[in-house]
Amino acid sequence: MWKKLGEWILRNRLFLLIGLGILTVVMAYFASQVQQSYDFARAIPTDNPKYQEYLRFKEKFGEDGNLMTVGFIDKDLFQVQKFNKLLAFQQELKNTEGVDDVISVISAINLVKNDSTEKLDAKPIFPSNISNQQELDSLANIFKSLPFYRGLMYNPESGAWLLGIRVNKNVLNSKQRDKIVPLLSEKVYAFGNANQIDVKVSGLPLIRSNLAIRLNKEMRFFLLGSILLSAVILLVFFRSISTTILSLLVVIIGVIFSLATMVLFGFKITILNALIPPLVVVIGVPNCIYFLNKYHTSYLSKEHKIEALTDMVSKMGIVTLFCNITAAIGFAVFALTKSAILKEFGIVAGINIMVIFFISMILLPSALSYLPAPKSRHLNYLENKWLEKILTRIEKWVFSHRKLVYAITLVIVAFSVTGIMKLNSQGFIVDDLPQDDVIYKDLKFFEKHFKGIMPLEILIDTKKRNGLAGMRALETFQKIDSFSAELAGHPDIARPLSLAEGLKFAKQGFYDGDSNNYTMPNSFDGAFVADYLRMKKDTVSGKGSFQKIMLAFLDTGRQMTRVSVNMADIGSKRLPLLLDSLKGRADYYFDSSKYNVQFTGTSITFLEGSRFIINGLRDSIFWAFLLIALCMLYLFKSFRILFCSLIPNIIPLALTAGVMGWAGISLKPSTVLIFSVALGIAIDVTIRFLVNYKQELPAHGNDVEATVMQTLRSTGISIIYTSLVLIAGFVIFMFSGFGGTKALGLLTSLTLLAATFTNLILLPVLLLSKKKKKK
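On a predicted model such as this, the values are computed, not experimentally measured, just so you know. (Residues numbered from 1 in each chain as written. Predicted model: local features only at pLDDT ≥ 70, side-chain atom pairs only at ≥ 80, totals over all residues. Heavy atoms only, no water.)

### Considerations on the pattern of salt bridges
Right, on to step 1. Within this structure, the stated rule accounts for 15 salt bridges.
Right, on to step 2. Where K444 meets E447, a salt bridge forms, and the shortest distance between an N and an O atom there is 3.0 Å. With K444 and E447 both in helix α15 (residues 438–450) and three residues apart, this pair spans about one turn of that helix.
Right, on to step 3. Overall, the relative accessible area of 31% leaves K444 in the partly exposed class.
Right, on to step 4. Using a relative accessible area of 16% as the deciding quantity, one classes E447 as buried.
Right, on to step 5. The residue R585 makes a salt bridge to E486 at a minimum N-O spacing of 2.7 Å. In this pair, R585 is assigned in helix α20 (residues 571–589) and E486 in helix α16 (residues 474–488), connecting sequence segments 99 residues apart.
Right, on to step 6. Relative accessible area serves as the criterion here: at 30%, R585 is assigned to the partly exposed category.
Right, on to step 7. What emerges from the salt-bridge pattern is a single network uniting D481, R495, E501 and K504. (Salt bridge = Lys/Arg side-chain N within 4 Å of Asp/Glu carboxyl O. Helix = DSSP H or I, 4+ residues; strand = E, 2+ residues; numbered from the N terminus. Buried < 20%, exposed > 50% of the residue type's maximum accessible area, 1.4 Å probe, protein only.)

Okay, structure coming up:
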């Protein structure tokens, strides 16, 4: 069948090349339409209860992750010249496109009792321009007398100040984000440099924007790097410019198809599927090497180009097909998960690994038939003395040291199992950033001085309309205040902001700004509290900014309120424990028969997304093993061969997991991804070895030892070459600025290196040990 296919390809080579060229032009058009994704919480399926709760929260109260924070330490901020510069700078930020509001000491207000209206006026503490130091000192004393702002806008102990830039939610979810957020950062750093202030910038808008910009740069770098690296390796191996260009053309067409596939399926570039184009290059080049290696060995024996090309297709077609099928399975199993980002990655990668096979099958034999026959210098690599020495050493291990091979294998397994027992699952929101990265260091600044900036929202539902209106709501707000006090006492949680804080602020204003009255209103303050809670348009006069803030904490039916908390990025291991503890305290204060308490926000969706991805990836490893095992069983129709094929691939995966345990590398979405990907790629070597073994066995009278010897000789060189290409291709990912991508490069390279040794040494030993005894 495969010989006839080869003959058919060569007979119709011109039409196939024209058809491939036209299809490539069409796909290039679609590839040019690919877009960057600006969505943030796509790890969770849309029907997930936690995600649905988060969407309902945003519908009622708006975005929780659109605050860009600026921090600095200045214990002498209240100096006229310095303060006026900060005031002008805040106004400049407010006038920037895409900025909804700027919150800082400059925009702080005070609630002042108006005797004529018997209401509270919300008045700015600081005017638009301050003329002298005496005026500023007086205003600063007023500001410092307001406990409402302590821990929210400044840290009185360290002298740290916080400025919040609220970015428009439509900007955050569009291409404009990558223009507006860097512009804001540029303005902040320019202000800091001009005034000798060491400013720190953080917040989800900055983190998301920076990750997207870096992602674009890295995608181009890795794609270009993988192509250049492949070109160098191909030139070194084959010493032929035409062969190198032809192989690169195969993978470049594959890249075009992969980008076009994203567009055709309606997908966009994410931090995960941005890896697909360079992965197509890394996986496509070994295809070319195997085909070319077979072509050259056949030409060396037949000395006839067309016969050699036909032999190349007939012998390597089925091998490469199943290699690409197993590699595609390693990626496509992600499509079985419910996570959108994993599903997209699995679909696009799985399809295009198969596409690269068909491109190779059409382009290589067709184009090579038009090129001159290979010259002797192009075939010199087949007799490489260095590789011959390696193969001789491997043969010695296989045939003379089988017990030692088993002993070393047992030691590796013991090492791996011990390391696996040390593995732990842990992820952070900024997990992929190195600790010396400015974003990571700035985030730690806010954790140190303000206990963090990661949003956590606690929704308290009274289960009845107007449950938060009038005197009857006083008991609920007292409970919220007591609960908030407990939250603020936690070392990883900043002081919460809620309507209870607003009521205490209002009471202080009602009692002429006396800070001793910054407490919850009691039954004696009932009339005032009732009037405040009615939220009439004239309740708070002036610009209404305080009322606007307070209304953001109450739904329109006055049934539900929120407690907004900023917290440290404590990781997916500690966060569930903390949340369980907080839920326990919430149950203590809020009787479940009267209240419904929900925890949501970006921190919750991150935790749920991380947990969901890890569980999905674990399932995908199981499915990858099962489907690959079925492919192997279909291909070889022998449980004995199936056993021999899986063991040399399980051990490298176990070794990688063990190394992760010993090195303290946590299981997280970016590292769990490695196992099914590496399995799908590593088993290619096994298939190539065993298919050749199966083809050679009848020719050697079913003599296992002779067949193993010949298989090592005939496939060893190409296996070593392709393993080097794959390892080098993944090593390039180690130059990433993202920890997850770096781990993908390091750990996948380690797995593939171990798989090369196990498939060239352990696999033959297993075949020899399982050989049938002669009667």
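### Re the sheet that holds strand β11 (residues 596–600)
Right, on to step 1. The three strands are arranged β10-β8-β11 in an open sheet whose pairing can be described as antiparallel. Edge positions in the sheet fall to β10 (560–567) and β11, since each of these pairs with one other strand and no more. Across the sheet, the axes of successive neighbouring strands diverge by a mean angle of 20°, strand direction being ignored.
Right, on to step 2. The sheet contacts of α20 involve β8 (454–461), β10 and β11, and relative to β11 the element is tilted by about 160°. (Pairing = 2+ DSSP bridges. Axes fitted to C-alpha atoms, helices over the stretch in contact; angles between N-to-C directions. Contact = heavy atoms within 4.5 Å.)

### What about the confidence of the model for the protein?
Right, on to step 1. A residue-level look at the protein finds 94% of positions with pLDDT of 70 or above and a mean pLDDT of 84.
Right, on to step 2. Taken element by element, the protein is modelled with least confidence in strand β9 (residues 540–542), mean pLDDT 42, and with most confidence in helix α2 (residues 13–31), mean pLDDT 95.
Right, on to step 3. Low pLDDT, under 50, characterises residues 532–545; the predicted model gives this stretch 32 contacts beyond four residues in sequence or across chains. (pLDDT = per-residue confidence, 0-100.)

### A look at the state of the cysteines
Right, on to step 1. The tally for this structure, following the rule as stated, stands at zero disulfides.
Right, on to step 2. Here C323 stays free of any disulfide, with the sulfur of C631 as its closest cysteine sulfur at 11 Å.
Right, on to step 3. The class of C631 is buried, set by a relative accessible area of 15%. (Disulfide = S-S within 2.5 Å.)

### A short note on the packing of aromatic side chains
Right, on to step 1. Summed over the entire model, instances satisfying the criterion amount to 31 aromatic pairs.
Right, on to step 2. Ring centres of Y154 and W161 lie 5.1 Å apart, and the angle between their planes is 20°; this geometry places the pair in the stacked category.
Right, on to step 3. For Y154, a relative accessible area of 7% puts it in the buried group.
Right, on to step 4. Ring geometry for F730 versus F733: centroids 5.9 Å apart, planes at 50°, classification tilted.
Right, on to step 5. You can call F730 buried: its relative accessible area is 0%. (Phe/Tyr/Trp six-rings, centres within 6.5 Å; stacked < 30°, edge-to-face > 60°.)

### Here's the deal with helix α8 (residues 204–238)
Right, on to step 1. Helix length check: α8, at 35 residues, gives a terminal C-alpha distance of 49 Å against a target of 51 Å (1.5 Å per residue), a fit within 8%.
Right, on to step 2. One or two positions beyond α8, positive phi appears at R239, with a value near 50°. (Expected span 1.5 Å × (residues − 1).)

### Here's the deal with the pairing of strand β6 (residues 160–167)
Right, on to step 1. Counting buried residues along β6, seven of its eight residues qualify, which places the element largely inside the surrounding structure.
Right, on to step 2. In this sheet, β6 lies alongside strand β1 (residues 67–73) in antiparallel orientation, the contact comprising seven bridges. Its bridge partner lying in β6, L67 is registered against R166.
Right, on to step 3. With four bridges joining them, strand β2 (residues 99–103) and β6 adopt antiparallel strand pairing. Following the sheet pairing, I103 is matched in β6 by G164.
Right, on to step 4. Here strand β5 (residues 154–155) folds back onto β6, and the loop between the two strands holds four residues, one of which, G159, carries a positive phi near 80°.

### So, a nonpolar patch on the surface
Right, on to step 1. A cluster of nonpolar side chains, L14, F15, I18, I22, L23, V26 and Y370, forms an exposed patch at the surface whose accessible area comes to about 710 Å².
Right, on to step 2. Here the element with the most residues in the nonpolar patch is α2; it accounts for six residues.
Right, on to step 3. With respect to the helices and strands, the residue I22 is situated in helix α2. (Patch = residues over 30% accessible without salt bridge, like charges linked within 9 Å, V, L, I, M, F, W, Y side chains within 5 Å. Areas by Shrake-Rupley, 256 points an atom, 1.4 Å probe, with all protein chains shown as cover.)

### Overview of the packing of α2 against helix α12 (residues 340–370)
Right, on to step 1. The geometry of α2 relative to α12 is characterised by a closest axis approach of 10 Å and an angle of 125° between their N-to-C directions. It follows from the interaxial angle that α2 and α12 lie oblique. Once α2 is placed against α12, the crossing between them reads as left-handed. On α12, the residues touching R13, L14, L16, L17 and L20 of α2 are I362, L363, S366, S369 and Y370.
Right, on to step 2. For the contact of α2 with α12, the class distribution of residues is seven nonpolar, two polar and one charged. (Parallel < 35°, antiparallel > 145°, perpendicular 65-115°, else oblique. Left-handed = near helix turned anticlockwise from the far one by under 90°. Nonpolar A, V, L, I, M, F, W, Y, C, P; charged D, E, K, R; others polar.)

### Observations concerning the environment of I604
Right, on to step 1. When you line up the elements, I604 lands in helix α21 (residues 602–636).
Right, on to step 2. Here I604 falls in the buried class, since its relative accessible area comes to 6%.
Right, on to step 3. Residues I604 and S572 lie 32 residues apart in sequence; the distance between their C-alpha atoms is 9.7 Å.

### As for the packing of helix α13 (residues 385–400) against helix α24 (residues 704–731)
Right, on to step 1. In contact at an axis separation of 10 Å, α13 and α24 are set at 140° when each is read in the N-to-C sense. When the interaxial angle is binned, α13 and α24 end up oblique. Every pair of crossing elements has a handedness; the one defined by α13 and α24 is right-handed. Every residue of α24 that contacts α13 at L387, E388, I390, L391, T392, I394, E395, V398 and F399 is listed here: E705, V708, M709, L712, R713, G716, I717, I720 and Y721.
Right, on to step 2. The residue makeup of the contact of α13 with α24, split by class, is 12 nonpolar, two polar and four charged.

### Overview of the nonpolar core
Right, on to step 1. Counting 147 residues, the largest nonpolar core has F331, I687 and L767 as the members making the most contacts within it.
Right, on to step 2. Setting aside chain neighbours within four positions, we find L767 in contact with R640, I641, C644, F689, L690, Y693, V704 and V708.
Right, on to step 3. L162, L456, V563 and Y589 belong to the second-largest nonpolar core, a separate cluster that totals 100 residues. (Core = buried A, V, L, I, M, F, W, Y, C linked by side-chain atoms within 4.5 Å.)

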